[in-house]
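Residue-level listing of the chains:
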Amino acid sequence: LAARTNRKAIGMLELEEARDKVRWGRERRSMAMSDEDKRATAWHEAGHALVNVILKHTHPLHKVTIIPRGRALGLTRQLPERDKYGLSKVEMESRLAILFGGRIAEELIFGPENVTTGAGGDIQQATALARRMVTEFGMSEKLGRVRYNANEQEVFLGHSVTQQQNVSEATSELIDGEVRRLIEEGETAARRVLTEQLDGLH
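Every chain begins its residue count from 1, and numbering advances along the sequence as written. Predicted model: local features are reported for residues with pLDDT of at least 70 only, side-chain atom pairs are reported and counted for 80 or more only, and whole-chain, interface and lining totals are derived from all residues. To get the side-chain values, take all heavy atoms of the structure and skip hydrogens and water.

A. Helix H3 (residues 89-110), seen in detail. Numbering of helices and strands runs from the N terminus, with a helix taken as a DSSP run of H or I at least four residues long and a strand as a DSSP run of E at least two residues long. The span you would expect from a helix comes to 1.5 Å times its residue count less one. For H3, which comprises 22 residues, the first-to-last C-alpha distance of 32 Å matches the rise-based estimate of 32 Å (1.5 Å per residue) to within 8%. We define the bend at each residue as the angle formed by axes fitted to the 7 residues ending at it and the 7 residues starting at it. Where H3 bends most, at Gly101, the angle is about 40 degrees. Following H3 by one or two positions, Gly111 adopts a phi angle in the positive range, close to 95 degrees.

B. Geometry of the environment of Ile54. Tracing the sequence through the fold places Ile54 in helix H2 (residues 35-54). Taking the C-alpha atoms as reference, Ile54 lies 8.8 Å from Gln197; in sequence the two are 143 residues apart. In this view, Ile54 contacts Val193 and Gln197; residues no more than four positions away in its chain are not counted. Any two residues having at least one pair of non-hydrogen atoms within 4.5 Å are treated as being in contact.

C. Highlighting a nonpolar patch on the surface. A surface patch of nonpolar side chains, about 300 Å² in accessible area, is lined by Val53, Ile54, Leu61 and Val64. Taken together, the elements giving at least two residues each to the nonpolar patch come down to H2 and strand S1 (61-65). Along the polypeptide, Leu61 turns up in strand S1. Residue Leu61 is classed as partly exposed on the basis of its relative accessible area of 34%. The patches described consist of residues with a relative accessible area above 30% and no salt bridge, like charges being joined within 9 Å and nonpolar side chains (Val, Leu, Ile, Met, Phe, Trp, Tyr) within 5 Å. Only the protein chains shown count as covering a residue, and every accessible area follows the Shrake-Rupley method with a 1.4 Å probe. Throughout this description, the term salt bridge denotes a Lys or Arg side-chain nitrogen within 4 Å of a carboxyl oxygen of Asp or Glu. Relative accessibility under 20% of the residue-type maximum defines a buried residue, over 50% an exposed one, and the middle range a partly exposed one, all with a 1.4 Å probe and only protein chains included.

D. Main features of the side chain of Glu45. Looking at the element boundaries, Glu45 is found in helix H2. Asp and Glu are treated as the negative residues and Lys and Arg as the positive ones, with His and the ends of the chain left uncounted. Despite its burial, Glu45 pairs with no opposite charge, the nearest such side chain being Arg95 at 9.4 Å. A distance of 2.6 Å separates polar atoms of two side chains, one belonging to Glu45 and the other to Thr76. The residues touching Glu45, leaving out its near neighbours within four places in the chain, are Val64, Thr65, Ile66, Gly74, Leu75 and Thr76. We call two N or O atoms a polar contact when they sit within 3.5 Å, provided that within protein one can donate a hydrogen and the other can accept it, with sequence-adjacent residues counted only if both atoms are side-chain atoms.

E. Looking closely at the environment of Thr65. Topologically, Thr65 is positioned in strand S1. Taking relative accessible area as the criterion, Thr65 reaches 15% and is therefore assigned buried. C-alpha of Thr65 to C-alpha of Glu45: the two residues are 20 residues apart in sequence and 7.5 Å apart in space. Once you skip the residues sitting within four places of it in the chain, Thr65 turns out to touch Glu45, Gly74 and Leu75. Separated by 3.0 Å, the side chain of Thr65 and the backbone nitrogen of Ile67 make a polar contact.

F. How the structure looks around the pattern of salt bridges. The full count for this structure, using the stated rule, is eight salt bridges. Linking Glu136 and Arg147 is a salt bridge whose minimum nitrogen-to-oxygen distance equals 3.7 Å. Remark: Arg147 occurs in the loop between helix H4 (120-135) and strand S3 (152-154) and Glu136 occurs in the loop between H4 and S3; sequence separation between them is eleven residues. The class for Glu136 is partly exposed, based on a relative accessible area of 30%. For Arg147, a relative accessible area of 53% puts it in the exposed group. A salt bridge links Arg180 to Glu184, with the nearest nitrogen and oxygen atoms 3.9 Å apart. Remark: Glu184 and Arg180 occur in helix H5 (residues 169-196); sequence separation between them is four residues, near one turn of the helix. Where salt bridges share partners, they join Arg132, Glu136 and Arg147 into one cluster.

G. Region of interest: H5. With 28 residues, H5 should cover 40 Å at 1.5 Å per step; its first-to-last C-alpha distance of 41 Å lies within 8% of that length. Among all positions of H5, only Ile175, Glu178, Val179, Leu182, Ile183, Gly186, Ala189, Ala190, Val193 and Leu194 are buried. If you follow the buried residues of H5, they end up packed against H2, H3, H4 and helix H6 (198-201).

Written out as structure tokens, the structure reads:
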């Protein structure tokens with residue numbers, strides 16, 4: 001059909017580009033990035049990629065790019081080898097480490113005082129994942145197998161959104177502490193990998 005209509009056939013490259021465009025936005029190849037920004041982005045994405053490759057409980061690395069797309073200056077993507085409907089605790093802990101790989105790489109290469117804002121989205125994702133591990137998936141020994149719905153929003157017809165607090169202040173502090181613990185463990189794992197594999201990062 002493509003030959004008869006003089007149109008290009010649709011293959012995997014076109015399908016991947018369509019998926020990336022929908023998920024992250026259009027490529028911004030014309031975006032004027034300084035060499036300094038490109039270098040920082042390259043080290044950042046290399047950090048994500050290397051942690052992903054070294055840790056055992058991760059999905060295979062699929063694509064790494066420093067071509068800006070949407071709001072991101074670069075992307076590192078993993079793809080599961082088969083359909084997956086749930087994640088284990090160790091897989092989520094590995095995911096936290098991967099998310100911090102970019103920031104830790106910047107820190108190791110440029111120094112703590114020169115890390116960029118590039119890790120903002122990574123920190124947001126890591127915090128959300130750690131909070132779900134603690135409040136939804138029962139993956140905290142201190143909090144047990146209880147679902148905590150702090151600040152659940154309820155919308156009433158004709159009224160604004162109200163905040164409903166379902167946990168005590170003490171429990172809320174415990175949740176925050178467990179989220180921080182998971183985040184710090186992820187950071188520590190990423191730092192260990194990148195420090196031990198510094199030649200590989202370069």
